[in-house]
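These are the residues of each chain, in order.
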Amino acid sequence: MSGPPPSTPRAEDDAEVVAQSLEQPELFARLYDRYAPDIHRYAARRLGDGAADDITSDTFLIAFRIRSRYDRTRPNARPWLYGIAGNLIGKQRRAEVRALKALARTGHDPVTESWGASWVEDTDSRIAAQGPLAGALAALSAGDRHVLLLVAWAELTYQEVAEALDIPVGTVRSRLNRARRKVRTALGADPAFVSDTAEVA
């Protein structure tokens, strides 16, 4: 007679890692391993590689220090970490806006060029596309820009953005709708087509 089939181990969620790290601090490194590359890419896209190193390390240092306040009903720490990173990026808002305005003027994006990649493959097209987009992003309010970039570049869901910024989902939707409308208008979209579409769950 054979025994019951072996149970498959359940994936450890982030809340468990945070809880365990209160007794075993070294376990917090698991969150770093899971999310540091994503946080770094997002910060680099917003502020450049040099600042991204500092933002990433500061994000995890702050997260480690305040981990006892983590909401353990949330199994995914990704929005929490993006929220911390966003607050740090917000403190460098002027540097981000300056970089976006420079990109709008020159079409030169040192961030993507240092990666050997660009938003658009062809150089002439890249300059034509990036300049107006960067100008439109620079013209957004900090809150609208942050929501838009968390959705577009960090690929967070509306709910995750709400968790990251500690705002209601309705506020995420309205900020995103406003940001998209302004960007589309700045890029010369037909006003008849400037409308937000609801996120598909």
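Not measured: the values here are computed from a predicted model.

Here is what the cut-offs are and how they apply
Residues numbered from 1 in each chain as written. Predicted model: local features only at pLDDT ≥ 70, side-chain atom pairs only at ≥ 80, totals over all residues. Heavy atoms only, no water. Helix = DSSP H or I, 4+ residues; strand = E, 2+ residues; numbered from the N terminus. Buried < 20%, exposed > 50% of the residue type's maximum accessible area, 1.4 Å probe, protein only. Core = buried A, V, L, I, M, F, W, Y, C linked by side-chain atoms within 4.5 Å. Contact = heavy atoms within 4.5 Å. Patch = residues over 30% accessible without salt bridge, like charges linked within 9 Å, V, L, I, M, F, W, Y side chains within 5 Å. Areas by Shrake-Rupley, 256 points an atom, 1.4 Å probe, with all protein chains shown as cover. Salt bridge = Lys/Arg side-chain N within 4 Å of Asp/Glu carboxyl O. Lys, Arg positive; Asp, Glu negative; His and termini not counted. Charge placed at Lys NZ, Arg CZ, Asp CG, Glu CD.

### Examining the environment of D71
- With respect to the helices, strands and loops of the structure, D71 is situated in the loop between helix 3 (49-65) and helix 4 (78-90).
- Looking at D71, the relative accessible area reads 34%, which means it is partly exposed.
- Along the sequence, D71 and V18 sit 53 residues apart, while their C-alpha atoms lie 9.6 Å from each other.

### Observations concerning the nonpolar core
- With 50 residues, the main nonpolar core has W80 and Y82 as its most contacted residues.
- Element by element, the count of residues in this core is highest for helix 2 (residues 29-47), at eight residues.
- Dropping the residues within four chain positions of it, Y82 is found in contact with D38, I39, Y42, L150, A154, L156 and A164.

### Some remarks on a negative patch on the surface
- Taken together, the side chains of D49, D53, D54 and D58 make up a negatively charged region of the molecular surface.
- In this structure, D54 sits in helix 3.

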